[in-house]
Each structure stands twice: as structure tokens, then as C-alpha cells.
Amino acid sequence: MDNNNESNKKLIDVKDLKKKIKKELKKELLEEIYTELKSEEKEPTIDISKPTQKKTIIIEKSVEKPVPTEIVKSADIIQVSVSSVLKVASHALKYANSNIPRDEWVEVIGLLAGKLDNDETLHVEDAYPMGHGSAIYAEIKDYKNYVRAFNDIKNKKLFICGWYHSHPSYGLFMSTEDFGTQTRYQTLWNKSIALVIDPYLIDGTSFGFDIFKANIKTKKWFAVPFQVKGALNTKILPDLLKFIDPIIEGKAIYLEYDED
Ligand SMILES: [Zn+2]
């Protein structure tokens, strides 16, 4: 490698980059330590275990920062609750299932309620079914219902962090209408998300949905990474949905022999 000019140049570039990053880090670290120390000053009792804990956190951060920008930061991974997944999927299936002729399947639409944690990570905590529409696309038509949901979400100490709708059997993407809707959401709140679900993709290998955002400048949409919280995995989802299927039809989940 030593006699290769190009790799030498790369090495120099990397050195230069490292230097820059180190300088930035130093600045950030100093600021962090300074705030850290300042907050410690205010703490009445000294816990010996604390300083080492805090030191570890600082080291972790400094290791994390120099990584190239392509790598997703954990704060950019949207955390979706199990109940949101089940609610969105069952809402979508209610208006597009095998008991309904395929040409009568319609899309559903709803709101997503979430919160931000200390790392600014978005947690989608709940879903609010708002309506179902034409086979072409669904929209929230009734403003009164929107206000009602808005207040319910607020009372749960959550906020509207985006919306969801279904594409029964035609895949995960953003149509022109979807892009327009998402642009309006992002104008209200920059981090708003659009969840698109196709319940027919729930086959044991997929959650059947993707989360999208709009690049308003380039007029292009892109998928953002997400994670379903807890132990829910794609394998178990079809069985779970089958179990809650009667809810979709408004029946009891299981027969209670003493109540029958
Ligand atoms: Zn759509």
C-alpha cells in the first residue's frame, strides 16, 4: 500500500477529515462536559457511581459522531408501538377482506399519535381511525371528527405526528395525492410521517407497511427506517391478526361457553 499514490492520497484525506472531526468533537465534548459539570454543581448529594456513568455516555457519543453520515442515527429510527400496528392493520382489513368482493375494497385513513423522547426519537404510540373512502383514495372529510381526535390525542399527552392510509393489495408507495397530503402535514410539523399499509403484504415476512416522508424541494418521497417496539415480529403478525379478526366483524374474539 505504501507505494500506491492513490491510497496515500486517500490516507491524507482521511487524516484531514479525522482532524476536522476531532476538532468539532473537542468543541462539542467541552460544551457537554461543561453543562454536565454545571448540572452536577446543582446536585445536593454526590453519588460515586454517577461520574463514571456520565463519562461512559460521553465516550459513547464521541465514538458515534465520526461515523459517515449515511449511517442511520438511532434517533432517526421511528419507534412504532404494537397497538398502532394492530390498529392500522385491522382498520385496513375491515374494508378490504375476503368477505368483501374485491372491487368493493376501499382505502382507510387515520391519524398517528406520538411523542418525542429525550433523544428526539419519534415514538408512534397510537393510531386513530378517521375514515374510509373511495377505491381511489381516502381523505379525512369531516373536520369535526378531526377536532375530536385532536383533543383525545392531546388528553393522552400525545400529539399528531402524521397520518396513515391503506393501499389494499396494490403495494407501498406515495401517490401524487398522498404526496400533497404529506406536504401539508410536513408544513405543519417538519417531522410528520406518512404510514402506508398494504395488509396483503402481511405474510409472515413483513409488517405490511412503510413509513414515508416528502422531500418538498425535490418533490420526491422516500422511506424512513422504523422499528416495531417490544417483541412483535413479522412472523407472528398474521396469526395475531387472525385472532383479532372477529373484532373487525364486530364479534367477540372467542366463545365463552358460560355466556353462550
Ligand atoms: Zn395512497
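Below is a summary of the structure that appears in this document. Each chain carries its own residue numbering, running from 1 in the direction its sequence is written. In keeping with the model being predicted, local features are shown solely for residues with a pLDDT of at least 70 and side-chain atom pairs are shown and tallied solely at 80 or more, while totals for entire chains, interfaces and linings include all residues. To obtain the side-chain values, all non-hydrogen atoms of the structure were included, while hydrogens and water were left out.

What about the coordination of the zinc ion?
Each pair of donors in an ideal four-coordinate tetrahedral metal site encloses 109.5 degrees, whereas pairs in an ideal six-coordinate octahedral site enclose 90 or 180 degrees. Filter applied, for reference: Coordinating donors are taken to be N, O and S atoms lying within 2.8 Å of the metal, or within 3.2 Å when the metal is Na, K or Ca; because water is excluded from the atom set, some sites may appear incomplete. When four donors show all angles between 85 and 135 degrees the site is tetrahedral, when four or six donors have opposite pairs over 155 degrees and all other angles between 65 and 115 it is square planar or octahedral respectively, and in every other case it is irregular. Burial here depends on accessible area, computed with a 1.4 Å probe over protein chains only, as a share of the maximum for the residue type. Under 20% is buried, over 50% is exposed, and the range in between is partly exposed.
Bound to the zinc ion are the protein donor atoms H165 (NE2), H167 (NE2), D178 (OD) and D178 (OD), situated 2.0 to 2.7 Å from the metal. Taken together, the four donor atoms coordinating the zinc ion and their angles of 52 to 161° define a geometry best described as irregular. When the donor residues of the zinc ion are listed from N- to C-terminus, their spacing reads H-x1-H-x10-D. In terms of burial, H165 and H167 fall into one category: buried.

A word on the packing of helix α3 (residues 82–94) against helix α6 (residues 237–248)
Let me state the cut-off plainly: Lines fitted to the C-alpha atoms define the axes, with helices restricted to the stretch that makes contact. Angles between their N-to-C directions range from 0 to 180 degrees. Strands here are runs of E lasting at least two residues and helices are runs of H or I lasting at least four, both read from the DSSP assignment and numbered beginning at the N terminus. An angle below 35 degrees is treated as roughly parallel, one above 145 as roughly antiparallel, one from 65 to 115 as roughly perpendicular, and anything else as oblique. It is the rotation of the near helix from the far one that decides the hand of a crossing: anticlockwise by less than a right angle makes it left-handed, clockwise makes it right-handed. Should any heavy atoms of two residues lie within 4.5 Å, those residues are considered in contact.
Closest axis-to-axis distance for the α3/α6 pair is 10 Å, and the angle between their directions is 60°. The orientation of α3 with respect to α6, classified from their angle, is oblique. Where α3 crosses over α6, the handedness of that crossing is right-handed. Contacts between α3 and α6 pair V85, L86, A89, S90, L93 and K94 from the former with L237, L240, L241, I244 and I248 from the latter.

Looking at the side chain of D198
Basically, it comes down to this: The charge count treats Lys and Arg as positive and Asp and Glu as negative. His and the chain ends do not count. By definition here, a salt bridge exists when the distance from a side-chain nitrogen of Lys or Arg to a carboxyl oxygen of Asp or Glu is within 4 Å. For this analysis, a polar contact is any N or O atom pair within 3.5 Å, provided that within protein one partner can donate a hydrogen and the other can accept it, and provided that sequence-adjacent residues contribute only side-chain to side-chain pairs.
Within the secondary structure layout, D198 lies in the loop between β5 (193–197) and β6 (209–215). Comment: no salt bridge for buried D198; closest opposite-charge side chain is R102, at 7.7 Å. From its side chain, D198 meets the backbone nitrogen of G171 in a polar contact 2.9 Å long. Residues within four places of D198 in sequence aside, it is in contact with H167, P168, S169, Y170, G171, L172 and G208.

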